[in-house]
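# Secondary and tertiary structure notes
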Amino acid sequence: MSVSRRDFLTTAVVGSLSFGLHGQGREEQEPRPAGAQAGGKRPIIVCAGNGYNYLDDAYKFLKNGGDTLEAALRVVKGPEDDPKDDSVGLGGLPNEEGVVELDACCMHGPTRRAGSVGGVRNIKNVSLVAKAVMEHTGHVMLVGEGAERFAVARGFARENLLTEHSRKIWMLWKEYHSTDDWWGPGLADPHFQPPALPPHSELWPERLRKLAEMASGIGIEPEFRQSAIWKVLFPPTGTIHCSALNEKGEISGCTTTSGLAFKLPGRVGDSPIIAAGCYTDQDVGSAGATGSGEENIKVAGAHTIIENMRHGMSPLEAGMDALKRIVRNYNSDMNKLRFVDMTYYVLRKDGAYAGVSLWEGYTPDKPHKIAVHDGNLRAEKTVALLKGSSQEFPPFPPIPEDLKKDSEYLK
Ligand code: GLY
């Protein structure tokens, strides 16, 4: 099935949303390319929704003259330290062998420097390790064992990042997918086939019941069972990105993640790739991504957005254009795009910002959000290119609505 005209928000609507929702309340302070919308407030910090609780502290720090990268790192360190956030740092969902491997990168606008680490084990604050690479080496990126050894040499403590909570979800995935895993054919393979089991197959109730029994046997507490089953069916790529802009117009960004859940060991996604997971240009702005890393790498999403803004697009238009490139890579084939998701967080140097996503949310009740602090702390729904919610790869039909409501299956 191809994407119909109806599936897209029209450019005209996008344009008006861009003007109406973002960049209000501030007169122009910087020369901007022709066609750019009015600017927003400064200072300002934008991030993925899971950074919301850490924005207040970082905003105060920024407002008091703190460095923009330090401010952004204060935000992402929160979820990295939080064992309950299973998308980042300590407690992140592991690879297929049950080992947590983390990726991160950062860019410091004022000094035009970058640092990055990929596939790091045993060190929870990889965003800070990326900064250490930037500050204390002549390199930009370190990976794997070398990155871990560098971190230890710089004084980072080694610790076991696999919490009991994440280990049990991994065990559930392991037991359920005795034959299915991340080995090919992948989504981009010409031989890829959508799942054999149709979304409303009568086999689904039985499958879900089996999963619920397994979850109980593994000892996953009833209150976490439903989300554990969901993560096994739709392995998430949860991540956090943050960009911070100060009063003077200095800007920085960083992105950190435990990457795609149950990935092949050694798989590195978009988050540590400068230009994909994060890109900051002191002359233009900063952008970052959460979502399907493989897809974002192929469109160099964050860099594409910055270049789009450099050439006059608003933050919203720039983000939407990057999303359309992902759609183009699959020739608008909805049988593939339904397994992809992507959210971009875009901040222009004048304080105008946008949060855009391929789909409206991960599930209908969990819309994608951008968290913002410009003196007023808030979380706003992103503007979606496609209507509906995503199912991230690997492909499984959605849990039928009646089963989702029927908690007996999932308790
Ligand atoms: N965006 C995170 C990942 O794909 O690893």
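Look up a bit, the structure's there.
Figured I'd write up the structure that's included with this text. As the structure is a computational prediction, the values presented were derived from the model and not from experiment. (Residues numbered from 1 in each chain as written. Predicted model: local features only at pLDDT ≥ 70, side-chain atom pairs only at ≥ 80, totals over all residues. Heavy atoms only, no water.)

All right, on to empty space enclosed by the protein then. One pass over the structure, following the stated rule, counts 1 cavity of 30 Å³ or more. Among the residues making up the lining of the largest cavity, the classes are represented as 1 nonpolar, 8 polar and 3 charged. (1 Å grid on protein atoms, 1.4 Å probe; cavity = no way out; pocket = protein on both sides within 12 Å on 5 of 7 lines; lining within 4 Å. Points joined across faces, edges and corners; volume = space filled by probe spheres on them. Nonpolar A, V, L, I, M, F, W, Y, C, P; charged D, E, K, R; others polar.)

Okay, the nonpolar core next. Core analysis: the biggest nonpolar cluster contains 49 residues, and Ile-45, Val-75 and Val-117 have the highest contact counts within it. Among residues more than four places away in sequence, those in contact with Val-75 are Ile-45, Cys-47, Gly-51, Tyr-54, Leu-55, Ala-58, Ile-240 and Cys-242. Formed by 36 residues, the second largest nonpolar core is a distinct cluster that contains Val-284, Met-309, Met-320 and Ala-354. (Core = buried A, V, L, I, M, F, W, Y, C linked by side-chain atoms within 4.5 Å. Buried < 20%, exposed > 50% of the residue type's maximum accessible area, 1.4 Å probe, protein only. Contact = heavy atoms within 4.5 Å.)

Mapped onto the elements of the fold, Arg-310 is located in helix H10 (residues 301–310). A residue is classified by how much of its surface remains accessible, and Arg-310, at 30% relative accessible area, is partly exposed. Looking at Arg-310, its side chain comes within polar contact range of the side chain of Asp-281, at 2.7 Å. (Helix = DSSP H or I, 4+ residues; strand = E, 2+ residues; numbered from the N terminus. Polar contact = N/O pair within 3.5 Å; in protein donor to acceptor, adjacent residues only side chain to side chain.)

It is worth spelling out the sheet that holds strand E5 (residues 239–245) at this point. Spatially, 8 strands are ordered E4-E3-E2-E6-E5-E1-E13-E14 in an open sheet, and the strand pairing comes out mixed. Looking at the sheet topology across the chains shown, the edges are occupied by strand E4 (141–143) and strand E14 (377–381). Looking at each pair of strands side by side, their axes are set apart by 10° on average, direction ignored. One ladder, built from 6 bridges, connects strand E2 (residues 102–108) with strand E6 (residues 251–257); its direction is antiparallel. Each bridged residue has a counterpart across the sheet, and for Met-107 the counterpart in E6 is Gly-253. Against the sheet, helix H5 (residues 144–153) engages strand E3 (113–120) and E4, with an angle of about 105° to E4. (Pairing = 2+ DSSP bridges. Axes fitted to C-alpha atoms, helices over the stretch in contact; angles between N-to-C directions.)

Helix length check: helix H7 (residues 203–218) (16 residues) gives 23 Å between terminal C-alpha atoms against 22 Å at 1.5 Å per residue, within 8%. Residues of H7 that are buried include every one of Trp-204, Leu-208, Leu-211, Ala-212, Met-214, Ala-215 and Ile-218, and no others. Within H7, the buried residues cover an arc of 160° as seen down the axis, which keeps them to one side. Those residues of H7 that are exposed and aimed more than 90 degrees away from the buried face are Leu-203, Glu-213 and Gly-217. Residue Gly-219 follows H7 closely and has a positive phi angle near 95°. (Expected span 1.5 Å × (residues − 1). Arc of directions from axis to C-beta.)

Glancing now at a nonpolar patch on the surface. Taken together, the side chains of Val-140, Met-141 and Val-143 present a nonpolar region at the surface, about 240 Å² in accessible area. Mapped onto the secondary structure, Val-140 falls in the loop between helix H4 (126–136) and E4. Given the relative accessible area of 41%, Val-140 is considered partly exposed. (Patch = residues over 30% accessible without salt bridge, like charges linked within 9 Å, V, L, I, M, F, W, Y side chains within 5 Å. Areas by Shrake-Rupley, 256 points an atom, 1.4 Å probe, with all protein chains shown as cover. Salt bridge = Lys/Arg side-chain N within 4 Å of Asp/Glu carboxyl O.)

Okay, the side chain of Asn-95 next. The residue Asn-95 is located in the loop between helix H3 (68–81) and E2 in this model. Classification of Asn-95 as buried rests on a relative accessible area of 0%. In this structure Asn-95 touches Glu-101, Arg-121, Trp-170, Phe-262, Lys-263 and Pro-265, once residues within four positions along its chain are discounted.

Another aspect to go through is the pattern of salt bridges. Within this structure, the stated rule accounts for 23 salt bridges. Across the salt bridge formed by Arg-158 and Glu-148, the nearest N and O atoms sit 2.5 Å from each other. With Arg-158 in the loop between H5 and helix H6 (164–176) and Glu-148 in helix H5, the pair connects residues that are 10 residues apart, well separated along the chain. Among the charged side chains, a salt-bridge network with shared partners connects Arg-112, Asp-281, Asp-283, Glu-307 and Arg-310.

Moving on: the site of the ligand. Around the ligand, the neighbouring residues are Thr-237, Thr-239, Gly-259, Leu-260, Arg-267, Gly-269, Asp-270, Ser-271, Gly-291 and Gly-293. Here Gly-291 contributes a backbone N or O atom positioned 2.7 Å from a nitrogen atom of the ligand. Between Gly-293 and the ligand, the recorded distance is 3.0 Å, taken from a backbone N or O atom to an oxygen atom. Considering the ligand on its own, with 200 Å² of exposed area, one finds that the protein chains cover 100% of that surface. Assessed atom by atom at 2 Å from the grid points, the ligand resides in the largest cavity. (Near = heavy atom within 4 Å. Sits in = over half its atoms within 2 Å of the grid points.)

This part is about the environment of Leu-187. Looking at the element boundaries, Leu-187 is found in the loop between H6 and H7. Residue class for Leu-187 comes out buried when judged on its relative accessible area of 7%. The spacing of Leu-187 and Asn-335 is 148 residues in sequence and 9.8 Å in space, taken between C-alpha atoms.

Let us look at the side chain of Thr-68. Note that Thr-68 resides in helix H3. On the basis of relative accessible area, Thr-68 is assigned to the buried category, the value being 0%. Of note is the side chain of Thr-68, whose polar atom sits 2.8 Å from the side chain of Ser-252. Those residues in contact with Thr-68, other than ones at most four positions away along the chain, are Leu-62, His-108, Pro-110, Ala-244, Leu-245, Asn-246, Glu-250, Ile-251 and Ser-252.

Overall, mixed pairing links the 5 strands, which are arranged E7-E8-E9-E10-E15 in an open sheet. The open sheet has two free edges, formed respectively by strand E7 (278–281) and strand E15 (383–384), since each of these has just one partner strand. Running over the sheet, H10 touches E7, strand E8 (285–291) and strand E9 (342–348) and is turned about 40° from E9. The strands touched by helix H11 (residues 315–329) are E9, strand E10 (353–357) and E15; relative to E10, the strand with the most contacts, the crossing angle is about 20°.

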